[in-house]
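Summary of structural features
Below, each chain spelled out in residue letters.
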Amino acid sequence: MNSSLNLLEQLKSNFTLMNLILVAVRVIFIAVLFEGLAWWLTRRIDGMISPLITLDSQREHNWRIRRRTFLRQTPKTVIRTLCYVGAMIAVLSIFETSISLFSVPILPVSIVVGALILIFGVGAISMVQDAVQFYSLLADDAIALGDIVEIDSQRGTVQGLVERVSPRGAYLRDSTGRFHYIAAREIRHVVVHRRREEAARETEE
């Protein structure tokens, strides 16, 4: 009986109209704040990327679309993910301080989230390194499908035709027909012997 009365008292103290309005206003403010922050950061990133976008003006149309989409969307996705995680933590802290009945302990949650990020981060560190290096290669327009390149990597030098690229690395076929996979993080230097567009123009002539 006493526990039921205590529960009712907690409900009354937590779910007052003023309390709910304050919580809603704070949540909306945080959502608008972080959305505005994400918008501002993505605009800044767009400004930084714009000079790099036109480097592929001579490239094949489909490749230009693919390259430019990747260059623009990747940093935006990272920024928005970080902003949304920050907003979620801020909203949880509001519920912890304003509605004690449904409070979420922020410190334990932060520790758990941090531990999960650390565990998966250590396992995915090579993937992150590949993605960062691949982004750098695309930003400099150093490699594209159909190019004949010479890649100096940690495992040696390989020359061949670029048949496939991905955020993990490049796939080259050499003059003997052998297929080589080179992880992006292992690429040290790229020498372009002939671009795909140059080969196409030579064929037409």
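A brief structural summary. (Residues numbered from 1 in each chain as written. Predicted model: local features only at pLDDT ≥ 70, side-chain atom pairs only at ≥ 80, totals over all residues. Heavy atoms only, no water.)

Turning next to empty space enclosed by the protein. Empty space among the atoms can be located by rolling a probe the size of a water molecule over them. One pass over the structure, following the stated rule, counts one cavity of 30 Å³ or more. Size it by volume and the largest cavity reaches roughly 30 Å³. If you trace the largest cavity, you find it lined by Phe134, Leu137, Ile143, Val165, Gly169, Ala170, Ala184 and Ile187. Among the secondary structure elements, those contributing two or more residues to the lining of the largest cavity are helix H5 (125–139) and strand S3 (169–173). A per-class count over the lining of the largest cavity returns seven nonpolar, one polar and no charged. (1 Å grid on protein atoms, 1.4 Å probe; cavity = no way out; pocket = protein on both sides within 12 Å on 5 of 7 lines; lining within 4 Å. Points joined across faces, edges and corners; volume = space filled by probe spheres on them. Helix = DSSP H or I, 4+ residues; strand = E, 2+ residues; numbered from the N terminus. Nonpolar A, V, L, I, M, F, W, Y, C, P; charged D, E, K, R; others polar.)

Turning next to H5. The end-to-end C-alpha separation of H5 is 21 Å, in line with the 21 Å expected for 15 residues at 1.5 Å each. Within H5, burial applies to Asp130, Phe134, Leu137, Leu138 and Ala139. Directly after H5, the chain includes Asp141, whose backbone phi takes a positive value near 55°. (Expected span 1.5 Å × (residues − 1). Buried < 20%, exposed > 50% of the residue type's maximum accessible area, 1.4 Å probe, protein only.)

Along the chain, Val78 falls in helix H3 (residues 61–98). In this structure Val78 comes out as partly exposed when scored by relative accessible area, which is 47%. For the pair Val78 and Ala38, spaced 40 residues apart in sequence, the C-alpha to C-alpha distance is 9.9 Å.

Here five strands make up an open sheet; going across it, the order is S4-S3-S2-S1-S5 and the pairing antiparallel. The open sheet has two edge strands with one neighbour each: strand S4 (179–183) and strand S5 (187–194). Neighbour-to-neighbour, the strand axes of this sheet turn through a mean angle of 40°, independent of strand direction. (Pairing = 2+ DSSP bridges. Axes fitted to C-alpha atoms, helices over the stretch in contact; angles between N-to-C directions.)

Here we come to unusual backbone geometry. One non-glycine residue with positive phi stands out, namely Asp141, at about 55°. Looking at where Asp141 falls in the secondary structure, it is placed in the loop between H5 and strand S1 (148–153).

Moving on, we get to a nonpolar patch on the surface. On the surface, Leu37, Trp39 and Trp40 cluster together into a nonpolar patch covering about 340 Å² of accessible area. With respect to the helices and strands, Trp40 occurs in helix H2 (residues 17–53). Here Trp40 falls in the partly exposed class, since its relative accessible area comes to 43%. (Patch = residues over 30% accessible without salt bridge, like charges linked within 9 Å, V, L, I, M, F, W, Y side chains within 5 Å. Areas by Shrake-Rupley, 256 points an atom, 1.4 Å probe, with all protein chains shown as cover. Salt bridge = Lys/Arg side-chain N within 4 Å of Asp/Glu carboxyl O.)

This paragraph deals with the pairing of strand S2 (residues 156–166). Judged from the six bridges that link them, S1 and S2 form a sheet pairing that is antiparallel. Across the sheet, residue Asp152 finds its bridge partner in S2, namely Thr157. Linking two consecutive strands that pair antiparallel, namely S1 and S2, is a turn of two residues. Linking S2 back to S3 in an antiparallel pair, the connection comprises two residues.

Scope: geometric values only; no functional claims are made or implied.
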